[in-house]
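Okay, here's what each chain looks like letter by letter:
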Amino acid sequence: MLKQLLPSALLTLVLTLLLGLGYPLAMTGAAQALFPHQAHGSLIEKNGHVIGSGLIGQNFTRPIYFHPRPSATTAPDPADPSKSVPAPYNAANSGASNAAPTSKSYIEGTKALVAQAKAENPGARVPLPVDLVTASGSGLDPDISPEAAEYQVPRVAKARGVPDDDVRALVAANTEGRTFGLLGEPHVNVLKLNLALDARWPASR
Amino acid sequence: MNAAGILQIVLFCAVLTAGAIPLGAYMARVYSGQRFWASAILGPVERVLYRLCRIDPAQEQHWTAYAFACLMFSVAGLLVLYAVMRVQAVLPLNPAGEAAVAPDLAWNTAVSFATNTNWQNYGGENTLSYLTQMLGMTVHNFTSAATGMAVLVALVRAFVRRQGRTLGNFYVDAVRSILYILLPLSVAFTLLLVWQGVPQNFDAYTQAVTLEGARQVIAQGPVASQEAIKMLGTNGGGFFNANSAHPFENPTALTDLLEMVAILLISAGLVFSFGRMVGDRRQGRALFVAMGLMLVVGIGIAYWQEAAGNPLIQAMGVDVAASDHAPGGNMEGKEVRFGIANSAAWAAATTAASNGSVNSMHDSFMPIGGLVPMFNIMLSEVIFGGVGSGLHGMIVFVIVTVFIAGLMVGRTPEYLGKKMEAKEVKLAVLCILLFPLAILGFGAAAMVLPAGLAGMAVKGPHGLSEVLYAYTSATGNNGSAFAGLSGNTLWYNVTLGAAMLIGRFLVIIPTLAIAGSLVAKKIVPPSAGTFPTHGPLFVGLLIAVIVVIGGLTFFPVLALGPIVEHYLLAAGTLF
């Protein structure tokens, strides 16, 4: 009996060292040597400060910026840590609404989001696309659809006092198509688009 | 549904098949034990491992010794993982200062990883330290996968050996699975993932100040090395709470395709290995076709439902049409870069295999869209299934199928020349019955006990679906969830843990018992009365047996859950 237990225990120990330390450490070394930017989270710096990651969405509410999708992430309530409060784009606690398609609170909440989007974008020239009123799976979706960007173009242009078509051109320049023309969906990275806006019209900040 | 979406699904199936065939040939050589080019490189490492662990690779094991070794190896790993989680607060590599994991959550998580389930009651970035992710999660992703592969190899040997007594050596099969298959694939896949943007570091969580001046804390870690084996080993437990929907786990459309292929690659490859190992590649191909057909039908239904979108949201004047400018459909819980087709395909693939990772949230799928992943798991995880465990589960269904075919023509059923007699059929039926017993038994208990009812996020049929999905996922060792359910409670941690153990080990033991019984039989040459098990008739019969058994046992409860929800949604009834 004991003789049969020994190999199990020893193998567990040896594999824990090999696969739990050796493998991730070796991979970390190789990854940081080959792809240092990606290995550290594709961080974006501006004036020497980290302003976010090119892969992680962040919240925007001001009219001069394009807005991301709704986010269902939460954070512990400062008043009572056993409860949680909404904290959109909390990149230390990813998550989704997990709302059921027949949930009353979900349908009513979406109705409110639709009303808000329509009120904020009175000049929109396309119908409101669904991705702009639904929360993503991660709560950190960095992208919106090209249609969701177009929906916001008149508002952003007006808030910045610049022609619609100039903003539209900037959106087009920041739209990524399907990989190899085939994979995934066309999308616009909101943070990169807003950085491009600020670079093009710095005075409007 | 549009052409771009369908094209991506076709491409996924093509890449998967093209990868599985050569990998299957390679794995067959690995398990043959013969020397070949890879053993020239890895052989010395392998021998050092055996010496360190006091393993005699030449020692063959009877099925009972093989099962005992498999159990002890799993228990040892489970205990280590439990201990690491309980003491992580005082161990190094914990930059976020994660506290010790609570006992019931640690039990649930340890069982979950030891059984290759990887159910996420834990939150990832807000629960586990980097060291726990490495020593615990990453190691188990390898070992639990290797355990499933070893059990499969033992079962295959039972068909190949004539009047034998032993099934091989568990430790050798497990070590070879890791060293020759899982580890090299993981190393290559890790680097591909990092290139595409998956982090691999030990940095503290990044403190960023956003463009609008808000503070954003960005969780980091050695993500890629775990992500690679998480996908390849049909594990599915996320480094982050949001799993493969998180941009750090799955940053681009390319990683999405590769990860989706990785979910099924080894399981599909093993089907081809099986054909080679039994000396009749047509047998492997027939099983591949049966599994592939069921997978494609599931993807199709899920895609169709999700692309249609939620009629109540469409009625608010929201554009749900797919185009080259918008993904359309039901985007709740889905990421823009993947859109509908990739989310639906992933949902079907991850539940066909017992992977359980998600790139979109199944709880927010349309009722029939969410029925697809649930039904896939209810079919006992045999549509490719977990690495090893999927195919040994499928062979159990094959035994039942040839038995039923034998009843119809009045002959003793046989498969690959081995006669299937009362003992094997009884054990096979035992494996199959455990599924509904655990799922419906625990589910019914949760439906009448306050502790169970308290977990539902929403009343009505969807609440039933959430509970049903949880026990289905646990018993099937899948790990995906209708995550609205509050599963991190004493009741769910304990009962889901029990369901995972039942679904894993109470299936492995009878499976190895079948192997022990079969290996002792002689191989009878096929005669005019032998039912051929490589043609379309057999494929059709096998699919019918799987669907009828799954359908009949679960149809009543599915009617009360997703099916009635579908009609209530159409009528505008909300909860």
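Residues numbered from 1 in each chain as written. Chains lettered and ligands numbered in written order. Predicted model: local features only at pLDDT ≥ 70, side-chain atom pairs only at ≥ 80, totals over all residues. Heavy atoms only, no water.

**Overview of the domain arrangement of chain A**
One can read the domain layout of chain A as domain 1 (2-37) and domain 2 (41-200). Distance between the C-alpha centres of domain 1 of chain A and domain 2 of chain A: 39 Å. (Domains from an automatic or database assignment.)

**Some remarks on the packing of aromatic side chains**
In this description, a pair of aromatic rings is defined by centroid distance and the angle of the planes. Counted by the stated rule, this structure contains 21 aromatic pairs over all chains. Of the aromatic side chains, those joined through ring pairs into one cluster are B:Tyr26, B:Phe36, B:Trp37 and B:Tyr180. (Phe/Tyr/Trp six-rings, centres within 6.5 Å; stacked < 30°, edge-to-face > 60°.)

**Quick look at the layout of surface pockets**
There is about 1,300 Å³ of room inside the largest pocket. Around the largest pocket, the lining is made up of 48 residues, and of these A:Asn93, A:Ser94, B:Gly123, B:Asn241 and B:Ala483 lie nearest the centre. Residue assignment for the lining of the largest pocket shows that the elements contributing at least two residues are β3 (74-76) of chain A together with α4 (103-114) of chain B. A per-element tally of the lining of the largest pocket places β3(A) first, with three residues. What the second largest pocket holds in volume is close to 660 Å³. A:Arg69, A:Pro70, A:Ser71, A:Leu113 and A:Val133 are the residues nearest the centre of the second largest pocket, which is lined by 36 residues in total. By residue number, the principal contributor to the lining of the second largest pocket is helix α3 (residues 104-120) of chain A, which donates eight residues. Looking at side-chain class alone, the lining of the second largest pocket contains 16 nonpolar, 15 polar and five charged residues. (1 Å grid on protein atoms, 1.4 Å probe; cavity = no way out; pocket = protein on both sides within 12 Å on 5 of 7 lines; lining within 4 Å. Points joined across faces, edges and corners; volume = space filled by probe spheres on them. Helix = DSSP H or I, 4+ residues; strand = E, 2+ residues; numbered from the N terminus. Nonpolar A, V, L, I, M, F, W, Y, C, P; charged D, E, K, R; others polar.)

**Looking at a nonpolar patch on the surface**
Residues and elements named next belong to chain B. On the surface, Met1, Ile6, Val10, Val297, Ile301 and Trp304 cluster together to form a nonpolar patch covering roughly 580 Å² of accessible area. Taken together, the elements giving at least two residues each to the nonpolar patch come down to α1 (3-32) and α9 (281-308). If you trace the backbone, Val10 turns up in helix α1. (Patch = residues over 30% accessible without salt bridge, like charges linked within 9 Å, V, L, I, M, F, W, Y side chains within 5 Å. Areas by Shrake-Rupley, 256 points an atom, 1.4 Å probe, with all protein chains shown as cover. Salt bridge = Lys/Arg side-chain N within 4 Å of Asp/Glu carboxyl O.)

**A word on the pairing of strand β1 (residues 206-209) of chain B**
Residues and elements named next belong to chain B. Residues Thr206 and Ala208 line the buried face of β1, whereas the alternating positions Gln207 and Val209 sit on a face that is not buried. Pairing analysis gives four bridges linking β1 to strand β2 (residues 215-218), with the strands arranged antiparallel. When the sheet's bridge partners are listed, Val209 is paired in β2 with Arg215. In this structure, the hairpin formed by β1 and β2 is closed by a connection of five residues, where Gly213 is found at a positive phi of approximately 90°. (Buried < 20%, exposed > 50% of the residue type's maximum accessible area, 1.4 Å probe, protein only. Pairing = 2+ DSSP bridges.)

**A look at empty space enclosed by the protein**
Applying the stated criterion to the full structure yields seven cavities of 30 Å³ or more. Here the largest cavity is characterised by a volume of approximately 250 Å³. Forming the walls of the largest cavity are 20 residues, and the residues nearest its centre are B:Ser380, B:Ser389, B:Phe435, B:Gly503 and B:Val507. If you list the elements that add at least two residues to the lining of the largest cavity, you get α13 (389-409), α14 (422-448) and α17 (490-519) of chain B. Tallied by class, the residues present in the lining of the largest cavity amount to eight nonpolar, ten polar and two charged. Empty space within the second largest cavity amounts to approximately 110 Å³. A:Thr12, B:Phe73, B:Gly77, B:His140 and B:Thr143 are the residues nearest the centre of the second largest cavity, which is lined by 15 residues in total. Contributing elements (two or more residues each) for the lining of the second largest cavity: α1 (2-34) of chain A together with α3 (63-87) and α5 (130-160) of chain B. Its residues assigned to classes, the lining of the second largest cavity comprises seven nonpolar, eight polar and no charged.

**Considering the nonpolar core**
The biggest cluster of nonpolar side chains holds 213 residues, and the ones touching the most others in it are A:Phe66, B:Ile266, B:Leu287, B:Leu391 and B:Met394. Each of domain 1 (2-37) and domain 2 (41-200) of chain A contributes no fewer than three residues to this core. In this structure, B:Leu391 is in contact with B:Leu152, B:Leu270, B:Val271, B:Phe274, B:Leu287, B:Met291, B:Phe384 and B:Gly386, ignoring residues within four places of it in sequence. Residues B:Val101, B:Leu105, B:Ala446 and B:Met500 belong to the second largest nonpolar core, which totals 26 residues. (Core = buried A, V, L, I, M, F, W, Y, C linked by side-chain atoms within 4.5 Å. Contact = heavy atoms within 4.5 Å.)

**Examining the interface of chain A and chain B**
Taken together, the contacts link 102 residues of chain A with 108 residues of chain B. Across the chain A/chain B interface, buried area totals approximately 8,600 Å², and carbon plus sulfur atoms make up 66% of it. In terms of surface lost to chain B, no three residues of chain A exceed A:Tyr23, A:Asn98 and A:Thr102, which account for 9% of the buried area on that side. On inspection of chain A and its partner chain B, the count reaches two salt bridges. Connecting chain A to chain B are 46 residue pairs in polar contact (both at pLDDT 80 or more). A per-element tally of the side of chain A that touches chain B places α1(A) first, with 23 residues. Taken together, the residues of the side of chain A that touches chain B sort by class into 52 nonpolar, 36 polar and 14 charged. Here two bridges tie strand β5 (residues 128-129) of chain A to strand β3 (residues 318-319) of chain B, and the two strands are oriented parallel to one another. (Buried area = accessible area lost by both parts, 1.4 Å probe. Polar contact = N/O pair within 3.5 Å; in protein donor to acceptor, adjacent residues only side chain to side chain.)

**Quick word on the packing of helix α12 (residues 367-378) of chain B against helix α16 (residues 461-475) of chain B**
All names here are of chain B. With their axes 9 Å apart at the nearest point, α12 and α16 run at an angle of 35° to one another. Where α12 crosses over α16, the two elements pack in a sense that is left-handed. Residues Gly370, Pro373, Met374, Ile377 and Met378 of α12 touch α16, and the partners they reach there are Ser465, Leu468, Tyr469, Thr472 and Ser473. Residue composition of the contact of α12 with α16, grouped by class: six nonpolar, four polar and no charged. (Axes fitted to C-alpha atoms, helices over the stretch in contact; angles between N-to-C directions. Left-handed = near helix turned anticlockwise from the far one by under 90°.)

**What to know about the pattern of salt bridges**
Side-chain pairing between opposite charges can occur once the charged atoms of the two side chains come close. Enumeration according to the criterion identifies 20 salt bridges over all chains in this entry. Residue A:Arg200 is joined to A:Asp166 by a salt bridge in which the shortest nitrogen-to-oxygen separation is 3.8 Å. Within this pair, whereas A:Arg200 is found in helix α6 (residues 190-200), its partner A:Asp166 is found in helix α5 (residues 164-173), the two being separated by 34 residues in sequence. B:Lys419 is the salt-bridge partner of B:Glu414, the closest N and O atoms lying 3.5 Å from each other.

**Focus on the side chain of B:His392**
Residue and element names in this part refer to chain B. For His392, the position within the fold is in helix α13. Its relative accessible area of 2% is what places His392 among the buried residues. Leaving out residues up to four positions away in the same chain, His392 has contacts with Gly148, Val151, Leu152, Leu155, Val507, Ile508 and Thr511.

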